[in-house]
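Chain residues, written in single-letter form:
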Amino acid sequence: MKPDLFQAPDYYNLDDLLTDEHKLVRESARAWVKREVSPIIEEYAQKAEFPKQIIKGLGEIGGFGPYIPVEYGGAGLDQISYGLIMQEIERGDSGVRSTSSVQSSLVMYPIWKYGNEEQRMKYLPKLATGEYIGCFGLTEPDHGSDPGSMITNFKDMGDHYLLNGAKMWISNAPFADIAVVWAKNEEGRIHGLIVERGMEGFTTPETHNKWSLRASSTGELIFDNVKVPKENLLPNKSGLGAPLGCLDSARYGIAWGAIGAAMDCYDTALRYAKERIQFGKPIGGTQLQQKKLAEMITEITKAQLLTWRLGVLRNEGKATTAQISMAKRNNVNMAIQIAREARQMLGGMGITGEYSIMRHMMNLESVITYEGTHDIHLLITGMDVTGIPAFKS
């Protein structure tokens, strides 16, 4: 088992823009990842299993709803702190960060923002500690980039709702205690429902044979005449804007998280380039390898500045959906390109589990697709600058 020697790059002294609290939060998460994630993650990725024993630790470092107010069990931190936690967790593994950000932004966030006081008090404290794990049901087998066309639906049966349909590619589904599910009522209006494990007709089959996010648990949500109590409807927001608001928060976390994966690949490649001797000198002394490293640190630095500014805007309540889309798209693409270049720098060693690069590269192939594909985010920016949507003919 190799020691975790990670050193985070900060080429533009961005630490000067962070508060002492930001740095304390980041260092706590970084130390936890080095201690609890790095030593085991390759083994769990190889056997395609989520390490459930880390759930309690994720809660302790603020990995679950760090911006949720203290009265509901959260840490009451700001958006930059949330981003820094996601960065450090994804530096360890994208799948672990997926569990964290789904819990935070796709489960706790809608209950906090769209739920009532009874729902907040019932669920949020247990979600914050990891006693409950949640998942988010939006994507369907036939409706991914166009979630408004979903067919999952519920009917008012008088004293309860009757829910039918299916969701696919759902992180945490196989072991989640609750699911925030988006479905259409009889008028075709989208609402959020809290579905609990154990409700008759609710099953969560696991998705197997993944080459990506192997240390993350992915599954389906199947609803076969599930009776959902009326008090489980999220009352304070409906329509497609409700789940999309959750996705804004999650995509913001991904923009930070991808930097963590990129930094890990860069740091690994830099250390290897200084140690690997070919033709009588370290490969880091050759022009082509220096070009790769120089471009990596440049792109990481640009992404760091982009997300820091976005975090400031989020704290001020000014960040737009389109700005979040730009950061998600740019940073994940940046990370996947760095992973590919870093893998080449390590040659054959780059494909082995002795180093983290190939695992990051495979994970990022999912991250570049989920919560808005690379192309969809491009079109969101295009629509924002032209005022003309290109999604429909």
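If you're wondering where the values come from, they're calculated on a predicted model, not measured in any experiment.

**Q** Let's hear about the overall build of the protein: which residues, and what values?
**A** The helix and strand inventory of the protein stands at 11 helices and 9 strands. In summary, the protein has a C-alpha radius of gyration of 21 Å against a globular reference of 21 Å for 393 residues, a match within 12%. Counting every position in the protein, which comprises 393 residues, the buried fraction comes to 55%. Long-range contacts, defined here as pairs at least 24 residues apart, represent 76% of the contacts in the protein between residues at least 6 apart. Carbon and sulfur atoms provide 52% of the accessible area of the protein, an area that totals close to 17000 Å².

**Q** Explain the UniProt feature "domain: Acyl-CoA dehydrogenase/oxidase N-terminal" (unreviewed entry) in the protein to me, using residue names and the numbers behind them.
**A** As recorded in UniProt, the feature "domain: Acyl-CoA dehydrogenase/oxidase N-terminal" (unreviewed entry) lies at residues 19-131. In residues 19-131, the share of helix is 69% and the share of strand is 0%. The end C-alpha atoms are 31 Å apart.

**Q** Report on a nonpolar patch on the surface, specifying residues and quantitative values.
**A** Together, Tyr11, Tyr12, Leu17 and Leu305 make up a nonpolar patch on the protein surface, roughly 450 Å² of accessible area in all. Note on placement: Leu17 falls in the segment before helix 1 (20-37). Using a relative accessible area of 38% as the deciding quantity, one classes Leu17 as partly exposed.

**Q** Now, about the pattern of salt bridges: what can you tell me, with residues and values included?
**A** Taken as a whole, this structure holds 22 salt bridges when the rule is applied. A salt bridge links Asp15 to Arg26; the shortest N-O distance between them is 2.7 Å. Of this pair, Asp15 sits in the segment before helix 1 while Arg26 sits in helix 1, and the two are 11 residues apart along the sequence. Classification of Asp15 as partly exposed rests on a relative accessible area of 24%. With a shortest N-O distance of 2.7 Å, Asp93 and Arg359 are connected by a salt bridge. Residue Asp93 is located in the loop between helix 4 (79-92) and helix 5 (94-114), and its partner Arg359 is located in helix 10 (residues 357-367); the two are separated by 266 residues in the primary sequence.

**Q** Outline the UniProt feature "domain: Acyl-CoA oxidase/dehydrogenase middle" (unreviewed entry) in the protein, listing residues and values.
**A** In the UniProt entry, the feature "domain: Acyl-CoA oxidase/dehydrogenase middle" (unreviewed entry) is given for residues 135-226. Counting secondary structure, residues 135-226 comes out at 0% helix and 48% strand; the distance between its end C-alpha atoms is 17 Å.

**Q** Before we move on, could you go through helix 7 (residues 241-275) and cite the residues and values that matter?
**A** The end-to-end C-alpha distance of helix 7, which contains 35 residues, comes to 51 Å, matching closely the 51 Å that a straight helix rising 1.5 Å per residue would cover. In terms of burial, helix 7 is largely enclosed, as 29 of its 35 residues are buried.

**Q** Go over the pairing of strand 1 (residues 134-137) with me, naming the residues and quoting the values.
**A** On a regular strand, each side chain points to the face opposite its neighbour's, so the side chains alternate between the two faces of the sheet. Across the two faces of strand 1 the burial is the same, with Gly134 and Phe136 and Cys135 and Gly137 all buried. Summarising the sheet, strand 1 and strand 4 (residues 178-184) pair through 4 bridges and their orientation is parallel. Bridging across to strand 4, Gly134 finds its partner in Ile178.

**Q** Before we move on, could you go through the packing of helix 7 against helix 10 and cite the residues and values that matter?
**A** Interhelical geometry of helix 7 versus helix 10 gives an angle of 155° and a closest axis separation of 10 Å. Judged on the interaxial angle alone, helix 10 and helix 7 are roughly antiparallel. Taken as a pair, helix 7 and helix 10 cross one another with a handedness that is left-handed. Contacts from Ile254, Ala261, Asp264, Cys265 and Thr268 of helix 7 reach helix 10 at Ile357, His360, Leu364 and Val367. By residue class, the composition of the contact of helix 7 with helix 10 is 6 nonpolar, 2 polar and 1 charged.

**Q** Now, about unusual backbone geometry: what can you tell me, with residues and values included?
**A** At Asn13, a position not held by glycine, the phi torsion is positive, near 55°. Mapped onto the elements of the fold, Asn13 is located in the segment before helix 1. Look at Asn13 and you get partly exposed, because its relative accessible area is 48%. One non-glycine residue with positive phi stands out, namely Asn172, at about 75°.

**Q** Report on the side chain of Thr207, specifying residues and quantitative values.
**A** Note on placement: Thr207 falls in the loop between strand 6 (202-203) and strand 7 (218-229). If we skip the residues at most four places from it in the chain, Thr207 touches Trp169, Thr218, Gly219 and Glu220.

**Q** Mind laying out the state of the cysteines, listing which residues take part and the relevant values?
**A** A complete count under the given rule lists 0 disulfides for this structure. Looking at Cys135, it has no disulfide partner, and the nearest cysteine sulfur is the one in Cys246, 13 Å off.

**Q** Please set out the pairing of strand 7 residue by residue, giving values where relevant.
**A** Looking at chain direction, strand 3 (residues 160-171) and strand 7 are connected through 9 bridges and run antiparallel. Bridge assignment links Gly165 to a residue of strand 7, and that residue is Phe223.

Procedures and definitions
- Residues numbered from 1 in each chain as written.
- Predicted model: local features only at pLDDT ≥ 70, side-chain atom pairs only at ≥ 80, totals over all residues.
- Heavy atoms only, no water.
- Helix = DSSP H or I, 4+ residues; strand = E, 2+ residues; numbered from the N terminus.
- Rg over C-alpha atoms; globule rule 2.2 N^0.38 Å.
- Buried < 20%, exposed > 50% of the residue type's maximum accessible area, 1.4 Å probe, protein only.
- Contact = heavy atoms within 4.5 Å.
- Areas by Shrake-Rupley, 256 points an atom, 1.4 Å probe, with all protein chains shown as cover.
- UniProt positions renumbered as here; feature names shortened; annotations may be inferred.
- Patch = residues over 30% accessible without salt bridge, like charges linked within 9 Å, V, L, I, M, F, W, Y side chains within 5 Å.
- Salt bridge = Lys/Arg side-chain N within 4 Å of Asp/Glu carboxyl O.
- Expected span 1.5 Å × (residues − 1).
- Pairing = 2+ DSSP bridges.
- Axes fitted to C-alpha atoms, helices over the stretch in contact; angles between N-to-C directions.
- Parallel < 35°, antiparallel > 145°, perpendicular 65-115°, else oblique.
- Left-handed = near helix turned anticlockwise from the far one by under 90°.
- Nonpolar A, V, L, I, M, F, W, Y, C, P; charged D, E, K, R; others polar.
- Disulfide = S-S within 2.5 Å.

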